[in-house]
Amino acid sequence: MGEHRITGRVHSLETFGLVDGPGVRFVIFMQGCRMRCQYCHNPETWRMDDGEEWTAEELFDKAYRYKNYWKQDGGITVSGGEPLLQLEFVTEFFRLAKEKGVHTTLDTSGHTFSTVPDYLEKFDVLMQYTDLFMLDIKEMDEEKHRKLTAQSNCDIMALAQYLSDHGKTMWVRHVLVPGLTDEEDGLVALKRFLDRLKTVERTEILPYHTLGEMKWNDLGMPYPLAGVPMPADHEVKRAEELLGIKRG
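Residues numbered from 1 in each chain as written. Predicted model: local features only at pLDDT ≥ 70, side-chain atom pairs only at ≥ 80, totals over all residues. Heavy atoms only, no water.

(A) A look at the pattern of salt bridges. Tallying each qualifying case throughout the model produces 16 salt bridges. Residue Lys144 is joined to Glu183 by a salt bridge in which the shortest nitrogen-to-oxygen separation is 2.4 Å. Of this pair, Lys144 sits in helix H4 (residues 142-149) while Glu183 sits in the loop between strand S7 (170-176) and helix H6 (184-196), and the two are 39 residues apart along the sequence. Judged by relative accessible area, which is 37%, Lys144 ranks as partly exposed. The residue Glu184 makes a salt bridge to Arg238 at a minimum N-O spacing of 3.9 Å. Of this pair, Glu184 sits in helix H6 while Arg238 sits in helix H8 (residues 233-242), and the two are 54 residues apart along the sequence. (Salt bridge = Lys/Arg side-chain N within 4 Å of Asp/Glu carboxyl O. Helix = DSSP H or I, 4+ residues; strand = E, 2+ residues; numbered from the N terminus. Buried < 20%, exposed > 50% of the residue type's maximum accessible area, 1.4 Å probe, protein only.)

(B) Layout of the sheet that holds strand S1 (residues 7-17). Reading across the sheet, the eight strands line up as S3-S1-S2-S4-S5-S6-S7-S8 and stay open at both edges, with mixed pairing between neighbours. Two strands bound the open sheet, and with one partner strand each, they are strand S3 (52-55) and strand S8 (200-207). In this sheet, neighbouring strand axes are inclined to one another by 30° on average, regardless of whether the strands run parallel or antiparallel. As judged from the seven bridges shared by S7 and S8, these two strands associate in the parallel manner. In the sheet register, Trp171 faces S8, and the bridge partner there is Arg202. Packing of helix H5 (residues 154-165) onto the sheet brings it into contact with strand S5 (103-108), strand S6 (132-136) and S7, and relative to S6 it is tilted by some 155°. In the packing of H6 onto the sheet, the strands contacted are S7 and S8, and the crossing angle to S7 comes to about 175°. (Pairing = 2+ DSSP bridges. Axes fitted to C-alpha atoms, helices over the stretch in contact; angles between N-to-C directions. Contact = heavy atoms within 4.5 Å.)

(C) Inspection of the confidence of the model for the chain at higher detail. Across the chain, the average pLDDT comes to 94, with 98% of residues at or above 70. Within the chain, helix H7 (residues 213-218) has the poorest average pLDDT of any element, 90, and S5 the best, 98. (pLDDT = per-residue confidence, 0-100.)

(D) Representation of the layout of surface pockets within the structure. If you add up the space inside the largest pocket, you get close to 780 Å³. Taken together, 36 residues form the lining of the largest pocket, with His41, Asp107, Asp136, Arg173 and Leu206 sitting closest to its centre. Every element with two or more residues in the lining of the largest pocket is listed here: S5, S6, S7 and S8. By residue number, the principal contributor to the lining of the largest pocket is S8, which donates four residues. The residue inventory of the lining of the largest pocket, partitioned by class, reads 17 nonpolar, 10 polar and nine charged. (1 Å grid on protein atoms, 1.4 Å probe; cavity = no way out; pocket = protein on both sides within 12 Å on 5 of 7 lines; lining within 4 Å. Points joined across faces, edges and corners; volume = space filled by probe spheres on them. Nonpolar A, V, L, I, M, F, W, Y, C, P; charged D, E, K, R; others polar.)

(E) Here's a closer look at the packing of aromatic side chains. With the rule as written, the count across this model stands at 16 aromatic pairs. Ring geometry for Phe16 and Tyr69: centres 4.9 Å apart, planes at 85°, overall edge-to-face. In this pair, Phe16 is assigned in strand S1 and Tyr69 in the loop between helix H1 (56-64) and strand S4 (75-79), connecting sequence segments 53 residues apart. Taking the relative accessible area as the measure of exposure, Phe16 reaches 40% and is therefore partly exposed. Measuring from centroid to centroid gives 6.2 Å for Phe60 and Phe93, while their planes differ by 70°, and the two rings are edge-to-face. One end of the pair, Phe60, is in helix H1; the other, Phe93, is in helix H2 (residues 87-99), with 33 residues separating them in the sequence. The exposure class of Phe60 is buried, given its relative accessible area of 5%. The class for Phe93 is buried, based on a relative accessible area of 1%. (Phe/Tyr/Trp six-rings, centres within 6.5 Å; stacked < 30°, edge-to-face > 60°.)

So this is what it looks like as structure tokens:
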């Protein structure tokens, strides 16, 4: 019998990512996501059965060709979609990366994380091979989160706490949508939650943009936030102040 090779479904690749972790990154966007964020700019990644199938070895060999561009602070980022839906594939891919000393970043919404022992056993292996977790926290209020994403935020909060308890470095990001995710109470609650975590190295506000609207239209789906403006700079600055973010 031949060796079992783990495969994953990949939506797309970006060879020179500059906003997906430290330094220059090779970014893999995995296929599949169960969240339905109203402002999603990659709705074409939702379906699990789309994308291109890769083995972990093939994908790492492709990424590693770009190693000379990463310098000391760059590396590989796996994003999505939601990469935790393909946990075993990402684990094997990151294992190969760490064998070569490559810095690994996982960009995740945190959705599908579970504290069930069988899941944690697998997640702990992934965590072992992951240098940095970039976690999107979209909304603190459970009801508002369900309206915004069609999913609960309980697993996301649990993941953040688990990473903190296990000493794993996090960058936390929050998309700021006028009239939706910019309420003071929500931002204050987020700040309070982050203050309880021990390993958050950076917090970022990501201003909402409308680049995804055309993709929704192309897919024949009504865009939920049609007409919602991008936040003004003073609105972004106010949110940063509420979260205690100092501009460099």
